[in-house]
Amino acid sequence: MRILVANLGSTSFKYRLFLMDEHGGEVLAKGGYERVEDHGTVIEDALSKLQSEGHIADLSEIDAVAFKTVLGKNLSGCVIADEAAIQALEDFTAVAPAHNPPYAAGIRQFAKILPKATRVALFETAFYQWATPAGQVYALPKAWRDIGIRRYGFHGASHKFIAERSAELCDREDVADGVRRLYLDGPKPIAGKPLRVISCHLGGSSSVTGILNGVAIGTSMGFSPQSGLPQNNRVGDLDSGAIPYAMRTLGISLDEAERQLTKQAGLLGLSGISNDIRDVNAAASQGNADAQLAIDALVHSIRHWIGAFQLELGGLDALVFTAGIGENGPGLRAAVCHGLENFGIMLDPSKNSACLATEATISDGDSLARILVIPANEELVLAREVFRKLSYQKN
Ligand code: ADP
């Protein structure tokens, strides 16, 4: 099955064409465009390139197009990207203004150009649909809850991939099999010992997710990707009382407050240097106290969520690091694990420092929990989920 993964950023378009079967997948072609003003033109260009470069002879060879949609109103999961899905995206444009409009437009355009290809949306919120009601709610008046304000959670594709791969690495084929079928069948009961995993997706934006037997019990992000850990430019969790106070005291508008909290906060806001942890690390190692504070605040928040989920999970079998910072940051991983021996988390310092962007176990042999680094590959995750959905539907 040929699946085209379409990654529609607010100003970019990236694509990968996969050839998928039940054993896995291979990338047939990939490409991308930056500083995109009109997604329509670049989508057409990408599709004609796929033909002129000889990856496909005809557009009809593309069986499906996969979209990593962020969130929709009253809709989640891995679903056919039909008009109802587009409507769900448009109903939440105000919550994800950079992400939802390009996806709504992109899905419509692919429907025109590739009418025979099945369009599938994998929502980033999908992995959290089985969290308990208490874990999904904010203590808000009913009218606020009625307009859809609750904890959703994001990075679902990445954390679900970690749920599956960590189960394989922990020799729990029963759990891994359940994760593979999760969006098709829902959670299935697991006999025997529970598998308790905490997944740390640390990248340009970051989140920590608790996973029990392959199913998320909760995550650090809530209503929008603005919440949880400090992000590159975004504040992360913030007391709701701070916004009216800052607006009144600094004399700024709501739009300006929102702009500062999404563009000038996070690692950039605290360090005053950069939104990229490599620059922040370099400054901290030269004694810049603000840069060190930014790193410490990120580590503090990661540990906060690890502690919360370890308690809720009733222990921990695997702690996983993934995404740009998680895969490439031995110093940050060491800081996160520092002093956690009594909680069964013990890093092997030399394995940790040797591990850069590869899959590895970096825990000490005596650690009760395995500490794993698992590289993220979100495009492959999408291609896999779509392959599973469509193969299942045909049977
Ligand atoms: P996203 O997809 O959310 O943008 P990524 O997973 O690509 O995030 O991670 C990007 C971030 O990873 C960068 O902002 C950078 O801080 C960090 N990063 C990338 N490479 C390295 C590296 N070699 N060392 C440390 N951090 C890195």
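Residues numbered from 1 in each chain as written. Predicted model: local features only at pLDDT ≥ 70, side-chain atom pairs only at ≥ 80, totals over all residues. Heavy atoms only, no water.

A. A look at the overall build of the chain. The helix and strand inventory of the chain stands at 17 helices and twelve strands. A globule of 395 residues ought to have a C-alpha radius of gyration of about 21 Å, and the chain, at 21 Å, matches this closely. Oriented by its inertia axes, the alpha-carbon framework of the chain measures out at about 55 × 55 × 45 Å. The 395 residues of the chain split such that 51% are buried. When contacts within the chain are restricted to residue pairs at least 6 apart in sequence, long-range pairs at least 24 apart make up 63% of them. (Helix = DSSP H or I, 4+ residues; strand = E, 2+ residues; numbered from the N terminus. Rg over C-alpha atoms; globule rule 2.2 N^0.38 Å. Buried < 20%, exposed > 50% of the residue type's maximum accessible area, 1.4 Å probe, protein only. Contact = heavy atoms within 4.5 Å.)

B. Quick peek at the site of the ligand. The local shell around the ligand consists of G203, G204, S205, D276, I277, R278, A323, G324, I325 and N328. Contact distances for the ligand include 3.3 Å between an oxygen atom and a backbone N or O atom of S205. Residue I277 places a main-chain N or O atom 3.2 Å away from an oxygen atom belonging to the ligand. In isolation the ligand offers 580 Å² of accessible surface; the protein chains occlude 62% of this area. Of all the secondary-structure elements, those providing two or more residues to the shell around the ligand are α12 (277-285) and α14 (323-328). The residue makeup of the shell around the ligand, split by class, is three nonpolar, five polar and two charged. (Near = heavy atom within 4 Å. Polar contact = N/O pair within 3.5 Å; in protein donor to acceptor, adjacent residues only side chain to side chain. Areas by Shrake-Rupley, 256 points an atom, 1.4 Å probe, with all protein chains shown as cover. Nonpolar A, V, L, I, M, F, W, Y, C, P; charged D, E, K, R; others polar.)

C. Region of the structure containing a negative patch on the surface. A cluster of acidic side chains, namely E37, D38, E44 and D45, defines a negative patch on the protein surface. Its place among the elements puts E44 in helix α1 (residues 39-52). Note on E44: relative accessible area 48%, which makes it partly exposed. (Patch = residues over 30% accessible without salt bridge, like charges linked within 9 Å, V, L, I, M, F, W, Y side chains within 5 Å. Salt bridge = Lys/Arg side-chain N within 4 Å of Asp/Glu carboxyl O. Lys, Arg positive; Asp, Glu negative; His and termini not counted. Charge placed at Lys NZ, Arg CZ, Asp CG, Glu CD.)

D. Looking closely at the side chain of S367. Inspection of the secondary structure assignment puts S367 in the loop between β11 (360-361) and β12 (370-373). Here the side chain of S367 touches M346 through a polar contact of 3.0 Å, landing on its backbone nitrogen. Only 2.6 Å separates the side chain of S367 from the backbone oxygen of A369, close enough to count as a polar contact. Apart from residues no more than four positions distant in its own chain, S367 is found in contact with G344, I345 and M346.

E. Quick look at the sheet that holds strand β3 (residues 24-33). Here we have six strands laid out as an open sheet, ordered β3-β2-β1-β4-β6-β5, and mixed in their pairing. Two strands lie at the open edges of the sheet, namely β3 and β5 (78-80), each paired on one side alone. Sheet twist, expressed as the average angle between the axes of neighbouring strands with direction ignored, equals 25 degrees. In terms of strand pairing, strand β4 (residues 64-67) meets strand β6 (residues 118-122) through four bridges, oriented parallel. Residue pairing in the sheet places F67 in a bridge with A121 of β6. Helix α3 (residues 100-113) contacts β1 (2-8), β2 (13-21), β4 and β6 of the sheet and is inclined by roughly 145 degrees relative to β1. (Pairing = 2+ DSSP bridges. Axes fitted to C-alpha atoms, helices over the stretch in contact; angles between N-to-C directions.)

F. The arrangement of the nonpolar core in detail. Core analysis: the biggest nonpolar cluster contains 40 residues, and I3, M20, F127, Y183 and V386 have the highest contact counts within it. Among the elements that take part in this core, helix α17 (residues 378-394) stands out by supplying seven residues, more than any other. Within the second largest apolar cluster, 36 residues are counted, among which are V208, L298, L319 and L340. (Core = buried A, V, L, I, M, F, W, Y, C linked by side-chain atoms within 4.5 Å.)

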